Amino acid sequence: MKRRSILRGAALGLLVLAGPMAGGAEVMAQDSFPSKTIEIVNLSGAGGGSDIFLRMAALRARKSLKTDIQVLPKPGGLGVNAMNYVNGKPRDGYTVMSLLPGHLISIANGKAPIGFDELVPLVRGTDDPQLLMVAGNGSFTGITDVIAEAKRRPIKIGGTHVGGIDHITAVSFIKKVGAQNPIYIPFKSGSELVTNLIGGNIEVAVLNFGEAESQIESGEIQAAVVLAKDRMSVLPDTPTSHDAGFDLNISLVRGMAVLKGTPEDRIAALETAFLKSMNHSVYQNYLSGSGLAPSSIADRQAWSAQISDMYVSIQDTLKELGMAQ
Amino acid sequence: MDAALTGIAFVLSAEMLLLIFLATIAGVLVGALPGLGSIMMIVLLLPYIIVMEPTAGIVLTAVIYCAATFGGSITSILINTPGTPAAAATTFEGYPMAQRGEAGRALGMAAFSSSVGGIFSVLVLIVAAPLLARVAYHFGPPEYFALALFGLSMLASLGNTSTLKNYIGGAFGILLSTVGVDFATGVERFTFGSPALAEGIHFIPLMIGLFAGSELLMQAAASDAVPRLVSKVAVRLPSLADLRKVRGTIARSSLLGTFVGILPAEGGTVAALMAYNEAKRWSKTPEAFGKGAIEGIAAPESANNAATGGAMVPTLALGIPGSATTAVILGAMIMLGVRPGPALFQQQPDFLYAIFGGMLLANLVFLFVGLYGAKLFAHISLVPKQFLWGTVFLLAFIGTYAINNSLFDVWMMVAFSVVGFVMRRRGYSAAPVVMGLILGELVEISLTQSMLMFQQDVSGFFTRPIALLFFALALLGVAYPYIKSALQRRR
């Protein structure tokens, strides 16, 4: 009996504490955004690269928006599950989605429930250029070698799954330099690619810097080319695609978006809060720890422009592969 | 030497000791709860870990990993529901022993062999990490294909059901593994247009359904039986006689578990199943298996804990995760600004020694938690059946839902509960299905990759000695039951 009365007392106490807060929130709901929890729906599971990005970006945004932000993983169907979920929610700014190349691929091949023009890109948080890498002790010493050999015979290129961003990168590269169709060998993860590149099972791997950082440092892997306009500060000696004479920019970008119909003032509030959060030292440390430049962060305008460009090239490549709608 | 002392001194500070102690208890509990495991706990803790001191944060994740791997055995033994996938093999002998009133002996053996396996693997990790990690580079797709075939060959002598029923169960598992987007062509198979199936059948709903759900139905079907009285569980260290019986098993299983853990694609689950099989193969009394043989607990428990240390080898030495949990730990390390890899051994050796020290301590602490606390944990089997299974089912629902916040997964779990129930009534066991599902995917992907590598020329396999070795072992595995019965007939 005694314990029960203590529990009852504790519960009452909590109610007393929570009462004014709950009341306050209700009053605020009438005129200000946000007044309840914001959900960020992600296309892959907890603990992965995009999950970590969203959690890091949400960290300080909670403080400036004065509300809780939850990351909700909805994996499955390369973003289709996530977009189905988001599409079923009111477009009121409380449901935000992650936006990655995967979403664009699913929209381009017609599997997504929404069209491309329904996306309103919000902010970009990471911009991780794709690199072509070769083994440190292999037959290729640089990108010119790779291009010359790829014109002579089909080379073995490894990347993640068929129809994904790595595959699109490999096909686009071959098309740009006018080489022979490669043998594309799919692997499950970047770490498997690293192992098989060093083990000599593939000749070229499509990777991001962070996935092979320690192997590049130890010389087991050589970064042959960065598929970007500018060289990476962490790889000053690695030429860009422009240095190597072909114009191809593909990066693994991660950002956020809402759906069309969300009120403009709420879009602006979200954009401001996430930009502020990502400029905080906590997020900056995460970027530098992942080998990413501070220029990863982009506002709505720059992010929208990049997404539109990328969508066009994804559509083209998928048509090439016979996978577009 | 300086680094080792700094690292060890860090772990032995008062607050770290407290943290390790609490994390071990929490890890054991989470491991014991079906559907919840070290991955989920670490992921849920990530927001807190990233504001911790990096070394403390990573030690915490490693400790939870070790402790949860042991914790899984408690519910395996007491209620026939593996708390973690890696403890699935422990149900085979653990539950029969508990039914016989020997839950204390079984739990004591599980705690002891987990601890020995775990400590052995951490010692391997400390001594040979940089050397052993090189093995990973010699395992390309052809080697994985051969390894997976070898694993499937073990179906022939898995569990206590007939070889034929095991093959049928395994084939069902392989069939399930083909659901989803085909890895090599991007074509959807057996998804019936549902995006929820595009990534295949999720492992956890299947496991929870086949093991926990079907057990619930079995219990419900047997509701007329007199409520079983659970004898007092006095968990104690294994007796000298038991120790003599299992010392060879523990030694072999620890080695096997460490080795399997080091391989990037395989973790504690496969290690435990393989160790169980090997224990049965080596046993002088294989007929006792399935009825509560003590070696059948020592083998998977030492192997799955040995796999934790093994899985940390490629994670720390190469930055390549050796299991699902270490993948999450690797993510946490990167978030904390620590980049694992060969360079880490030169730049931050004290950090590594702190992890080694933390894992060693965790393996010792859970031995005591297991010996003295399992009595407490064992109380869940004293709870009346209707409450216990009601709670288990609730946790199964929450656990299934929590992975992807998906109701579809929950329905899948319910469906597999019924499938598991029917199978068990017909004399099939669930383990071959799970093995088929794990290995089927690996067989298909690695064969596709190998054939692409060899440019569709099968003879390429003959240029890979490690693959040939595993092919030979696989043949032996398939032939083994027949050789054995032929030998017995002659006798």
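A. How the structure looks around the overall build of chain B. On a plain count of helices and strands, chain B comes out with 19 helices and two strands. Taking all 491 residues of chain B together, the buried fraction comes to 59%. Contacts in chain B between residues at least 24 apart in sequence constitute 77% of all its contacts with a sequence separation of at least 6. Here chain B has roughly 19,400 Å² of accessible surface; of this, 70% comes from carbon and sulfur atoms.

B. Molecular detail of the environment of B:L395. Structurally, B:L395 is set in helix 16 (residues 385-404). Sequence separation between B:L395 and B:L33 is 362 residues; the distance between their C-alpha atoms is 7.5 Å.

C. Structural context of empty space enclosed by the protein. Residue and element names in this part refer to chain A. Evaluated as defined, the whole model comprises two cavities of 30 Å³ or more. Counted as a void, the second largest cavity has a volume near 50 Å³. What lines the second largest cavity is V86, P90, R91, D92, G93, T95, V258, L259 and T262. Of the residues in the lining of the second largest cavity, the class split is four nonpolar, three polar and two charged.

D. Structural context of the packing of aromatic side chains. All told, the structure shown has 13 aromatic pairs over all chains when counted by the stated rule. Here A:F116 and A:Y311 contribute two aromatic rings whose centre-to-centre distance is 4.0 Å and whose plane-to-plane angle is 5°, an arrangement assigned as stacked. Highlighted residues: A:F116 in the loop between helix 4 (101-108) and strand 4 (119-135) and A:Y311 in helix 11 (residues 300-321), separated in sequence by 195 residues. For the ring pair B:Y353 and B:F356, a centre distance of 5.7 Å and an interplane angle of 85° mean the geometry is edge-to-face. Of this pair, B:Y353 and B:F356 both sit in helix 15 (residues 349-377), three residues apart, which is roughly one turn of the helix. For B:Y353, a relative accessible area of 29% corresponds to the partly exposed category. Relative accessible area serves as the criterion here: at 3%, B:F356 is assigned to the buried category. Here the aromatic cluster, defined as three or more aromatic residues joined through ring pairs, consists of B:F145, B:F454, B:F461 and B:F471. Sitting over the face of the ring of B:Y428, B:K165 holds its NZ or CZ atom 5.4 Å from the ring centroid.

Thresholds, definitions, all that
- Residues numbered from 1 in each chain as written.
- Chains lettered and ligands numbered in written order.
- Predicted model: local features only at pLDDT ≥ 70, side-chain atom pairs only at ≥ 80, totals over all residues.
- Heavy atoms only, no water.
- Helix = DSSP H or I, 4+ residues; strand = E, 2+ residues; numbered from the N terminus.
- Buried < 20%, exposed > 50% of the residue type's maximum accessible area, 1.4 Å probe, protein only.
- Contact = heavy atoms within 4.5 Å.
- Areas by Shrake-Rupley, 256 points an atom, 1.4 Å probe, with all protein chains shown as cover.
- 1 Å grid on protein atoms, 1.4 Å probe; cavity = no way out; pocket = protein on both sides within 12 Å on 5 of 7 lines; lining within 4 Å.
- Points joined across faces, edges and corners; volume = space filled by probe spheres on them.
- Nonpolar A, V, L, I, M, F, W, Y, C, P; charged D, E, K, R; others polar.
- Phe/Tyr/Trp six-rings, centres within 6.5 Å; stacked < 30°, edge-to-face > 60°.
- Lys NZ or Arg CZ within 6 Å of the ring centre and 35° of its normal.

From the geometry alone we can't say anything about function, so treat these as descriptive.
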